[in-house]
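Spelled out, the chains give:
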Amino acid sequence: MSLSNPLPFKERVEQALNDPFLRQSLKNAQARFREGKQKAGQALGNLEEWRTRAEAIRRHTIEHLDYYLDLFATNVEKNGGTVFFAETEQEAVEYLIRLAKAKQAQTVIKSKSMVSEETHVNHRLEEIGVEAIESDLGEYIIQLAKEMPSHIIAPAIHKNRKQIAQLFSAVAGEELPEDTSALTRFARHQLRDKFLNANIGISGCNFAVAETGSIVLVSNEGNARLTTTLPKTHVVMMGMERIVPTWEDLDAVLSLLPRSATGQKITSYVTALTGPRRENDQDGPEEMHVIIVDNGRSNALGTDYQSILHCIRCGACLNVCPVYRHIGGHAYGSVYPGPIGAVLTPVLKGFDQWEELPYASSLCGACTEACPVKIPLHDMLIDLRRDEVGQKRSPWIERLAFRLFGAAMKYPALYRLGLKMAKYLLRPQAGEEGFLNKGPGPLKAWTQARDFPAPAPESFREWWERQGRHGGEPHGR
Amino acid sequence: MRVSLFITCLSDCFFPRVGQAVVHLLRRHGCDVDFPLEQVCCGQPAYNSGYHEEARTAAKQLIRAFKNAQYVVSPSGSCAAMIRHYYPTLFAADDEWRDKAQQFADKVYEFSQFMVNILKVSSVDACYEGRATYHHSCHMMRGLGIYQEPLQLLQTIKGLEVAELPYEQDCCGFGGTFAVKMKEISEQMVDEKVEHIRSTQADILVGSDMACLMNIEGRLKRLGYPVKVFHVAELLYEGVQRYESVQSPAV
């Protein structure tokens, strides 16, 4: 999906369902990630204990977020860094633009940051004539394609080699082979210059350690190290919930992040940065700016949704979600796809434009089971639906139906009458085998793909009253 | 042992044979079975759709209907999970109903869970020739943590071969109103489930939730695949009857 052409949810879903390549690659990726995670979990042996500990750490941190944010900010400044708290997307970007202008920046190199996606940084920098280059391979690919990431940890999961070769060939001005190593080599060459010449490096932050004011980045490509050390100015854009209190706490969450994401014990690179270059340091940026972004996150504090801020962005919920498997990341329409996105996006941005997302789940609970920090994602989806119903966002016909349902529940006689009526309405429409292949009303949607059973000639309660209570008779099929 | 049945709206109306099988099986294992007639739906459709007031109305009626029950047994993992997990939450802020909801929740068991863990049934005299595969419904597996119990019961059926279902933990795409509201996605999910079932070459599909089975069976029928669909209680009871007719053939 192009950024400039946001389709309605239904159409985004349709588009995805009609893309066989997308669905096959999602299926493959899920199989790979799920297997990896399972093996990593088995190797860890006591995964449940790790989850319990990680959840406790996240809960404690978010419950005392103001304290730890203050501690972190104080320590960043002690180390010579600058901290800016951005309440909104606008404030975050404006700070960055002021900085880019002050540094007379022409090129900005970025390593993967979901917050910068969230705040549309690239687009805003382009508007003032600053070139922003993504250095994560997947991010670079989707940047060339002018798309959003479709997975939290594998942003270009929906692209095949052929599509990537086309995108790179356009940059190269010549046709490149559809060969993985050749394409990677091309990207590496392209990016090398950008790293060396960029005025500013922007990174995300996987975790921020409050006790020392350090930021921690995990990557498999090493691009985060170059982004944070080569340019003279390093900007960290982080969600305000990315804090862990201590290095010991970091150990727990960092052990779970790659294991939950890809099944890796650890990523190729884990980089910890504590402030800008110091006297006698050989390298490193001269300035380090940390932009701590709220952008709707505090909406969750003190609500039923507070624990959504526990999320460590591992993507494990995406890797097990059958809905995500079929529709992919872009169908969710937001920066954060899958079950986490279906909860997080309405929490960050409200229901306007996002009211379908809480319904894009069969509530199977696979996401909750997979979450390494035990966020009850499927329960939160139910709570969001409750809130939507409370705001009368659900269709009036549905509200009416459930009002009738409520009345029938209150008066069992009415309930029994309802069951009888269903029988007399539906039985005549059933075929020989007792199934309907074209249902009336809400059954119409059901019978588009499946047959629907007709109510039995005698309900259980009728059987019970007639003979079941006295012993009953064996029945045949 | 006195057992009160919660048959669920779906089994009551569409699949009475499931409830009947449960009645007969429980009686065979020494239970005094009762069916409170004032029972209604557990309220899950309303709860999951966000209509929590209506869900509370249903919950209250069910709690009233079963107030004298010692054990409540239901042939649906999903409805049992609804009561066990969400009834206490629904009344968390209600001083009058909170304890009643919790007490009720504590008495509710899914059929195979009750058979294996409370009645300690280790063997059922049953036979049924065929190749079956078992669909683990999400709410029973994740909500109640019941995984082995139905399989244990199936293993006691002589002549029945049980093939492992690939991706058995994946949702069949039912999800209550999801099947209707997101019908395109739901269709893809049930199609995938059907493919996995077919890959086992089983001619019987067994489950513990009529809602999931209704979804899968409906798709199997539409596609014309001849797989018989059974609730675990239904297949067990069918097997018991077959076993008995072999033991004492009618003359």
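Here the structure is a predicted model, which means the values were calculated and not measured.

## Regarding the overall build of chain B
Then comes step 1: When helices and strands are tallied, chain B shows 13 helices and eight strands.
Then comes step 2: Relative to a compact globule of 251 residues, whose C-alpha radius of gyration would be 18 Å, chain B shows 18 Å and is just as compact.
Then comes step 3: Each principal axis of the C-alpha atoms in chain B carries an extent, and together these give about 55 × 45 × 30 Å.
Then comes step 4: Out of the 251 residues in chain B, the part that is buried amounts to 65%.
Then comes step 5: When contacts within chain B are restricted to residue pairs at least 6 apart in sequence, those whose partners lie at least 24 apart make up 79%.
Then comes step 6: Counting 25 positive and 30 negative side-chain charges, chain B places the averaged centre of each group 2 Å from the other.

## Side note on the sheet that holds strand S5 (residues 207-209) of chain A
All names here are of chain A.
Then comes step 1: Strand order in the open sheet formed by four strands is S8-S5-S6-S9, with mixed pairing between adjacent strands. On the outer flanks of this sheet lie strand S8 (243-244) and strand S9 (269-273), each paired with one strand and no other.
Then comes step 2: Lying on the sheet, helix H12 (residues 247-261) is in contact with S5, strand S6 (214-219), S8 and S9; it crosses S5 at an angle near 165 degrees.

## Some thoughts on unusual backbone geometry
When glycine is set aside, most residues are seen to have a negative phi, and most peptide bonds are trans.
Then comes step 1: The phi torsion at Gln-104 of chain A lies on the positive side, around 50 degrees, for a residue other than glycine.
Then comes step 2: Structurally, the position occupied by Gln-104 of chain A is in the loop between helix H5 (89-102) and strand S2 (107-110).
Then comes step 3: Here Thr-8 of chain B, not a glycine, exhibits a phi torsion of approximately 75 degrees, which is positive.
Then comes step 4: Tracing the sequence through the fold places Thr-8 of chain B in the loop between strand S1 (2-5) and helix H1 (9-13).
Then comes step 5: A relative accessible area of 6% means that Thr-8 of chain B is categorised as buried.

## Quick notes on the pairing of strand S3 (residues 71-74) of chain B
Residues and elements named next belong to chain B.
Then comes step 1: In S3, alternate side chains face the same way, and those of Tyr-71 and Val-73 on one face and Val-72 and Ser-74 on the other are all buried.
Then comes step 2: The sheet contact formed by S3 and strand S4 (residues 108-110) spans three bridges and is parallel. For Val-73, the partnering residue across the bridge sits in S4 and is Tyr-109.

## A closer look at the interface of chain A and chain B
Then comes step 1: At the junction of the two partners, chain A supplies 75 residues and chain B supplies 73 residues.
Then comes step 2: Taking both partners together, chain A and chain B bury about 6,600 Å²; carbon and sulfur atoms supply 61% of that area.
Then comes step 3: Our count for the chain A to chain B interface comes out at nine salt bridges.
Then comes step 4: With a shortest N-O distance of 2.7 Å, Arg-34 of chain A and Asp-170 of chain B are connected by a salt bridge.

## Some details on the side chain of Ser-49 of chain B
Then comes step 1: With respect to the helices and strands, the residue Ser-49 of chain B is situated in the loop between helix H3 (44-48) and helix H4 (52-65).
Then comes step 2: Here Pro-45 of chain B takes part through its backbone oxygen, which lies 2.8 Å from a polar atom of the side chain of Ser-49 of chain B.

## Digging into the sheet that holds strand S8 (residues 228-231) of chain B
Residue and element names in this part refer to chain B.
Then comes step 1: Here four strands make up an open sheet; going across it, the order is S6-S5-S7-S8 and the pairing parallel. Two strands close off the open sheet at either side, each with one partner strand: strand S6 (157-163) and S8. Strand-to-strand twist across the sheet, computed as the mean angle between neighbouring axes with direction ignored, equals 40 degrees.
Then comes step 2: Bridging between strand S5 (residues 126-134) and S6 involves six bridges; their strand directions are parallel. Bridging from a neighbouring strand, Ala-126 pairs with Ile-157 of S6.

## Digging into the pattern of salt bridges
Then comes step 1: Counted under the stated rule, the structure contains 39 salt bridges over all chains.
Then comes step 2: One salt bridge in this structure joins Glu-369 of chain A and Arg-142 of chain B, with 3.0 Å as the shortest N-O distance. With Glu-369 of chain A in helix H16 (residues 366-370) and Arg-142 of chain B in helix H8 (residues 138-143), this pair bridges two chains.
Then comes step 3: When the shortest N-O distance is used, the salt bridge between Arg-386 of chain A and Asp-387 of chain A registers 3.1 Å.

## Notes on the confidence of the model for chain B
Then comes step 1: Within chain B, residue pLDDT values average 96, and 99% of them lie at 70 or more.
Then comes step 2: Confidence metrics for the complex model read pTM 0.95 and ipTM 0.96.

## Some thoughts on the environment of Ala-449 of chain A
Then comes step 1: Structurally, Ala-449 of chain A is set in the loop between helix H20 (443-447) and strand S12 (452-453).
Then comes step 2: Separated by twelve residues in sequence, Ala-449 of chain A and Asn-437 of chain A have C-alpha atoms that sit 8.8 Å apart.
Then comes step 3: Aside from chain neighbours lying at most four places away, what touches Ala-449 of chain A is Glu-187, Arg-219 and Arg-222 of chain B.

## A look at the packing of helix H2 (residues 16-28) of chain B against helix H13 (residues 232-247) of chain B
Residue and element names in this part refer to chain B.
Then comes step 1: Remark: H2 packs on H13, axes separated minimally by 8 Å, with the N-to-C direction vectors making an angle of 60 degrees. Judged by the inter-axis angle, H2 sits oblique to H13. The way H2 lies across H13 gives a crossing that is left-handed. Where H2 abuts H13, its residues Arg-17, Val-18, Ala-21, Val-22, His-24, Leu-25 and Arg-28 lie against Ala-233, Glu-234, Leu-236, Tyr-237, Val-240 and Glu-244.

## Description of the nonpolar core
Then comes step 1: Phe-72 and Ile-308 of chain A together with Leu-5, Leu-26, Tyr-87 and Phe-111 of chain B are the most contacted members of the largest nonpolar core, which has 209 residues in total.
Then comes step 2: For this core, the leading source of residues is helix H5 (residues 77-90) of chain B, giving eight residues.
Then comes step 3: In contact with Leu-5 of chain B, not counting residues within four places along its chain, are Phe-460 of chain A together with Val-22, Val-23, Leu-26, Val-33, Asp-34, Phe-35, Pro-36, Gln-39, Phe-66 and Val-73 of chain B.
Then comes step 4: Counting residues in each nonpolar core, the second largest holds 19 residues, with Tyr-95, Leu-99, Val-108 and Ala-132 of chain A among its members.

## So, the pairing of S2 of chain A
Residues and elements named next belong to chain A.
Then comes step 1: What you see with S2 is no split at all: Thr-107 and Ile-109 on one side and Val-108 and Lys-110 on the other are buried throughout.
Then comes step 2: Pairing between S2 and strand S3 (residues 131-134): four bridges, direction parallel. Note on S3: the bridge partner recorded for Val-108 is Ala-132.

## Overview of the packing of aromatic side chains
Then comes step 1: Tallying each qualifying case throughout the model produces 24 aromatic pairs over all chains.
Then comes step 2: Plain terms: the ring middles of Phe-168 of chain A and Phe-186 of chain A are 5.5 Å apart, the flat faces sit at 40 degrees to each other, and that makes the pair tilted. Pair noted here: Phe-168 of chain A is in helix H9 (residues 161-172) and Phe-186 of chain A is in helix H10 (residues 180-197), with a separation of 18 residues, a long-range link. Like Phe-168 of chain A, the residue Phe-186 of chain A is buried in the burial classification.
Then comes step 3: Centroid distance Tyr-87 of chain B to Phe-104 of chain B: 6.0 Å. Interplanar angle 40 degrees. Geometry classified as tilted. You can see Tyr-87 of chain B sitting in helix H5 and its partner Phe-104 of chain B sitting in helix H6 (residues 98-107), a full 17 residues away along the chain. Per residue, the accessibility class of Tyr-87 of chain B equals that of Phe-104 of chain B, and both read buried.
Then comes step 4: Put simply, the rings of Trp-446 and Phe-452 of chain A together with Phe-14, Phe-15 and Phe-174 of chain B pair up and form one aromatic cluster.
Then comes step 5: Over the ring of Trp-446 of chain A we find Arg-450 of chain A; its NZ or CZ atom is 4.5 Å from the centre of that ring.

What counts, and at which threshold
- Residues numbered from 1 in each chain as written.
- Chains lettered and ligands numbered in written order.
- Predicted model: local features only at pLDDT ≥ 70, side-chain atom pairs only at ≥ 80, totals over all residues.
- Heavy atoms only, no water.
- Helix = DSSP H or I, 4+ residues; strand = E, 2+ residues; numbered from the N terminus.
- Rg over C-alpha atoms; globule rule 2.2 N^0.38 Å.
- Buried < 20%, exposed > 50% of the residue type's maximum accessible area, 1.4 Å probe, protein only.
- Contact = heavy atoms within 4.5 Å.
- Lys, Arg positive; Asp, Glu negative; His and termini not counted.
- Charge placed at Lys NZ, Arg CZ, Asp CG, Glu CD.
- Pairing = 2+ DSSP bridges.
- Axes fitted to C-alpha atoms, helices over the stretch in contact; angles between N-to-C directions.
- Buried area = accessible area lost by both parts, 1.4 Å probe.
- Salt bridge = Lys/Arg side-chain N within 4 Å of Asp/Glu carboxyl O.
- Polar contact = N/O pair within 3.5 Å; in protein donor to acceptor, adjacent residues only side chain to side chain.
- pLDDT = per-residue confidence, 0-100.
- Parallel < 35°, antiparallel > 145°, perpendicular 65-115°, else oblique.
- Left-handed = near helix turned anticlockwise from the far one by under 90°.
- Core = buried A, V, L, I, M, F, W, Y, C linked by side-chain atoms within 4.5 Å.
- Phe/Tyr/Trp six-rings, centres within 6.5 Å; stacked < 30°, edge-to-face > 60°.
- Lys NZ or Arg CZ within 6 Å of the ring centre and 35° of its normal.

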